[in-house]
Amino acid sequence: ALVRPRVGSIMATTTEVQDNFVKGAKALSEEADARVVERLSKGDAERAAQRERRKEKEKEEANPRENVDKFNQSQQQEAESIRRSLQEVEERPPSTKDEIHVAKGTFEGLRLRVLEMEKAAASASYFLSAYDVRATSDLAKDLKARIDSVQKKVLPRKAFTFRRRRVMKERNASDEATTAARDVTRAKGAAEKAEAENKGPAGGVEVEAKGMKVESREGEVVTLTQEKVTSDDIEIGSSKDCTFYVLAKVAVLRLVNLTNCRVFCGPVEGSLYLEEARDSLVMAAAHQVRLHKANKVDFYLRSRSYPIIEKCSEVRFAPYSFRYDGLEAELERTRLDEENELWTDVKDFGWLKSTPSPNWAILPVEQRLEEVMKS
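Attention here is on the structure that accompanies the text. (Residues numbered from 1 in each chain as written. Predicted model: local features only at pLDDT ≥ 70, side-chain atom pairs only at ≥ 80, totals over all residues. Heavy atoms only, no water.)

**Observations regarding the pairing of strand 7 (residues 262-303)**
In plain terms, the rule: Exposed residues in this analysis have more than 50% of their type's maximum accessible area, buried residues have under 20%, and partly exposed residues fall in between, with area computed by a 1.4 Å probe over protein chains only. Elements are defined by DSSP. Helices are runs of H or I of four residues or more, strands are runs of E of two residues or more, and each kind is numbered from the N terminus. If DSSP finds at least two bridges between two strands, the strands pair.
Of all 42 residues that make up strand 7, 32 are buried, and the element is covered over most of its length. Alignment of strand 5 (residues 243-246) against strand 7, held across four bridges, turns out to be parallel. Looking at the pairing, Y245 lines up with F264 of strand 7. In this sheet, strand 9 (residues 315-319) lies alongside strand 7 in parallel orientation, the contact comprising four bridges.

**Some remarks on the environment of V102**
Topologically, V102 is positioned in helix 3 (residues 97-123). With 167 residues separating them along the chain, V102 and E269 place their C-alpha atoms 9.2 Å apart.

**A look at the packing of helix 2 (residues 68-91) against helix 4 (residues 130-154)**
Quick note on the threshold: Lines fitted to C-alpha atoms define the axes, with helix axes restricted to the stretch in contact, and inter-axis angles between N-to-C directions lie between 0 and 180 degrees. An angle below 35 degrees is treated as roughly parallel, one above 145 as roughly antiparallel, one from 65 to 115 as roughly perpendicular, and anything else as oblique. Note on contacts: a residue pair is in contact if any heavy atoms of the two residues lie within 4.5 Å.
At a closest axis distance of 10 Å, the pairing of helix 2 and helix 4 adopts a crossing angle of 10°. On the basis of their axis angle, the class for helix 2 and helix 4 is roughly parallel. Residue-level inspection shows V68, F71, N72, Q75, Q76, A79, I82, R83, L86, V89 and E90 of helix 2 in contact with helix 4, the latter providing D132, T136, L139, L143, R146, I147, V150, K153 and V154.

**Examining the packing of aromatic side chains**
What counts is decided by this rule: For Phe, Tyr and Trp, rings pair up if their centres lie within 6.5 Å, where Trp contributes its six-membered ring, and each pair is then called stacked (planes under 30 degrees apart), edge-to-face (over 60) or tilted (otherwise). Any Lys NZ or Arg CZ found within 6 Å of a ring centre and within 35 degrees of that ring's normal is scored as a charge over the ring.
Considering all chains together, one arrives at six aromatic pairs under this definition. Both rings, one in F317 and one in W360, keep their centres 5.9 Å apart while their planes meet at 85°; by these two values the pair is edge-to-face. Separated by 43 residues along the polypeptide, F317 in strand 9 and W360 in strand 12 (residues 360-362) bring together distant segments of the chain. The exposure class assigned to W360 is buried, which follows from its relative accessible area of 18%. Aromatic side chains F322 and Y324 sit 5.4 Å apart centroid to centroid with 55° between the ring planes, which places their arrangement in the tilted category. Looking at F322, the relative accessible area reads 0%, which means it is buried. Overall, the relative accessible area of 12% leaves Y324 in the buried class. Here the aromatic residues Y245, F264, F322 and Y324 are joined through ring pairs into a cluster of three or more. Cation over ring: K347 sits above Y306, and NZ or CZ is 4.7 Å from the ring centre.

**A few points about the pattern of salt bridges**
The line we're drawing: By definition here, a salt bridge exists when the distance from a side-chain nitrogen of Lys or Arg to a carboxyl oxygen of Asp or Glu is within 4 Å.
The final tally for this structure, using the stated rule, is 18 salt bridges. Residue R290 is joined to E108 by a salt bridge in which the shortest nitrogen-to-oxygen separation is 3.0 Å. Within this pair, whereas R290 is found in strand 7, its partner E108 is found in helix 3, the two being separated by 182 residues in sequence. With a relative accessible area of 16%, E108 lands in the buried category.

**Let's talk about the state of the cysteines**
Rule in force here: In what follows, a disulfide is any cysteine sulfur pair within 2.5 Å.
Inspection of the entire model under this criterion finds zero disulfides. C242 forms no disulfide, and the closest cysteine sulfur to it belongs to C261, at a distance of 4.9 Å. Exposure remark for C261: the relative accessible area of 1% places this residue in the buried category.

**Regarding helix 2**
For clarity, the threshold we go by: Between the first and last residue of a helix there are one fewer steps than residues, each counted as 1.5 Å, and that sum is the expected span.
Taking 1.5 Å as the rise per residue, helix 2 with 24 residues should run 34 Å; its terminal C-alpha atoms sit 35 Å apart, in good agreement. Within helix 2 the residues assigned to the buried category are F71, Q75, A79, S81, I82, S85, L86 and V89. Packing partners of the buried residues in helix 2 comprise helix 3 and helix 4.

**Description of the environment of E341**
With respect to the helices and strands, E341 occurs in the loop between helix 6 (327-333) and strand 11 (347-348). The exposure class of E341 is partly exposed, given its relative accessible area of 47%. Between the C-alpha atom of E341 and that of P319, which follows or precedes it by 22 residues, the distance is 7.3 Å.

**Observations concerning the side chain of K119**
Counted only if it meets this: Here Asp and Glu are counted as negative and Lys and Arg as positive; His is not counted, and neither are the chain ends.
Following the sequence through the fold, K119 ends up in helix 3. Among buried charged residues, K119 stands out as having no salt bridge; its nearest opposite-charge side chain is E116, 4.0 Å away. Once residues within four sequence positions are removed from consideration, K119 is found in contact with D348, W351 and L352.

**A look at the side chain of K347**
To be explicit about the condition: Residues adjacent in sequence count toward polar contacts only when both atoms are side-chain atoms; beyond that, a polar contact is any pair of N or O atoms within 3.5 Å, and within protein one must be able to donate a hydrogen and the other to accept it.
Within the fold, K347 resides in strand 11. Accessibility expressed as a relative area gives 8% for K347, which makes it buried. For K347, the side chain forms a polar contact with the side chain of E116, separated by 3.2 Å. Leaving out residues up to four positions away in the same chain, K347 has contacts with L112, E116, Y306, P307, I308 and I309.

Fair warning: the whole summary comes from geometry, so function is off the table for now.
Laid out in structure tokens, this is it:
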């Protein structure tokens, strides 16, 4: 006989199978979700760790002073580079006038690099050990001594000698007459020369052994052309409310004790020195620039080395913008025809802190003089 299955029993079994299937699917889904969440969380953690490692590396590379080993390595590399430069100068000492000027600029540049090493060491002293601080200080001292030694070797100074004073009382009348006649002749020649140049004794032009001096001027416009100068070593000093145009060939230009003056100068083959100036303006191109005791002075410069200031205040810098006929050829001849923007990187010898010196600034563009032309 056929046995008919109970309908209720079959339906119950079917429902149970469906429930079990749903439960199993749900468990699998939850397990899969958990694995996904775990994988995502792990990936996030790894990426976060990579970001942290990258930040630390970038911080270390951006500021190697925080790493003592890297700081010491950078100091040694810079010291070795300075030694190589000194060796090159020592092996090929300068012989011509131009080479001597270049060598002087090289020594100034090397001293600036040692100064930068000392500044870096001062800034890093908070994380360097006492031993490392002493080591960097000794390294800088050794380099300075080496620079001085090589400079004395390749650029020896002339031996100092005392000049014999003229004996007031001559030994005999013949020598007296000879001396008097010679003095009269010299005085006459000097007077004729002053008259020819239309400059009386009050004009303040005198020639010394070291060069030509223009001084004690007030409220004048003075133009120094090649025909008017007697030396390529020129000093302009002790003047007030004047404008000076220096259009001659100049090896050294010295500016001393100027008040409310304006100095416009062509290329200087050697150095521009300034000693005491206030409320003035200087526009010049030179191989090196040294400025001492300047207050409220604007400098329009082009230089082959970093300008150096000391005991200066409220000085400002801008690019060289002087023009006159023949200037471009002179700039090329003196190797000052390229604008290297070193005027923006002034070195203050009186400021050894790691923060920027408050004694100088870049002259704002809107306050700069337009190109100055001299016909």
